[in-house]
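# Close look at the chain arrangement
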Amino acid sequence: MKTKLLLYSVMLLLSGCSLFDPCYGSDPAPIMPVSFYFTDNDGVNLVGDNGGAVHPDSVRVKSNMPPFIVNPSKEYRPKKGGFVFDVFPGQGKSGTTTYYIKLAEGFSDTLVVSYLVDNSGCFSSLEYTEFFHNGKEIIMEPETGYLQLVKE
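Residues numbered from 1 in each chain as written. Predicted model: local features only at pLDDT ≥ 70, side-chain atom pairs only at ≥ 80, totals over all residues. Heavy atoms only, no water.

## A look at the overall build of the protein chain
On a plain count of helices and strands, the protein chain comes out with one helix and ten strands. In sequence order, the protein chain lays out its α and β elements as α-β-β-β-β-β-β-β-β-β-β. Within the protein chain, the proportion of its 152 residues that are buried is 33%. Counting contacts in the protein chain only where the partners sit at least 6 residues apart, residues at least 24 apart contribute 49% of the total. Total accessible area on the protein chain is roughly 9,900 Å²; 58% of this is exposed by carbon and sulfur atoms. (Helix = DSSP H or I, 4+ residues; strand = E, 2+ residues; numbered from the N terminus. Buried < 20%, exposed > 50% of the residue type's maximum accessible area, 1.4 Å probe, protein only. Contact = heavy atoms within 4.5 Å. Areas by Shrake-Rupley, 256 points an atom, 1.4 Å probe, with all protein chains shown as cover.)

Encoded structure:
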């Protein structure tokens, strides 16, 4: 038993961990994406694969931060009546990322995401502070955390 405990302690020390480290055994909180979906003025989702105004594969996203071409993940969400897209802003330090979103030929939108990064604890954390869609401030839906981007 003592041999196993000693071996375990040596392995922890070699790996840079310590049972006395306040961060030992804790896991970082997952970085949450910025999730958004497009609707018309009536709240109808514009991106669907059967009957929506825009096919989900035609949505293109560019960013002012590396990587400049963004491949957002997308998922059909029945409660939203279409697709919701996820992007992850530049990380590592506080700042702002601007997304240029092209739905279809002739349709282009801008989504600006500001965030704070806190590196003071065991792990870095990211907090979103404000969002602007085409120059208008918007807020996350409290029940889902999604951003509803209204095409006027």
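## Looking at the nonpolar core
Phe36, Ile101 and Leu111 are the most contacted members of the largest nonpolar core, which totals 25 residues. Contributions of two or more residues to this core are made by β1 (34–39), β5 (82–87), β6 (95–104), β7 (107–118), β8 (125–133) and β10 (146–150). Here this core takes four residues from β7, the largest share from any one element. (Core = buried A, V, L, I, M, F, W, Y, C linked by side-chain atoms within 4.5 Å.)

## A word on the sheet that holds strand β4 (residues 73–77)
Taken together, four strands build an open sheet; the order of strands is β4-β5-β1-β10 and the sheet is mixed. Lying at the two open borders of the sheet, with one neighbouring strand each, are β4 and β10. On average, each strand axis in the sheet is tilted by 30° relative to the strand beside it, whichever way the strands run. Two strands pair when backbone bridges link them, and β1 and β10 are joined in this way by five bridges, in the parallel orientation. Across the sheet, residue Thr39 finds its bridge partner in β10, namely Val150. (Pairing = 2+ DSSP bridges. Axes fitted to C-alpha atoms, helices over the stretch in contact; angles between N-to-C directions.)

## A word on the pattern of salt bridges
Summed over the entire model, instances satisfying the criterion amount to four salt bridges. Notably, a salt bridge pairs Asp57 with Lys74, separated by 3.2 Å at the nearest N-O pair. Taken together, the positions of Asp57 in the loop between β1 and β2 (60–63) and Lys74 in strand β4 put the pair 17 residues apart, joining distant regions of the chain. Assessed through its relative accessible area of 45%, Asp57 is described here as partly exposed. Between Glu141 and Lys80 there is a salt bridge, with its nearest N and O atoms 3.0 Å apart. Residue Glu141 is located in the loop between β9 (136–138) and β10, and its partner Lys80 is located in the loop between β4 and β5; the two are separated by 61 residues in the primary sequence. Classification of Lys80 as buried rests on a relative accessible area of 19%. (Salt bridge = Lys/Arg side-chain N within 4 Å of Asp/Glu carboxyl O.)

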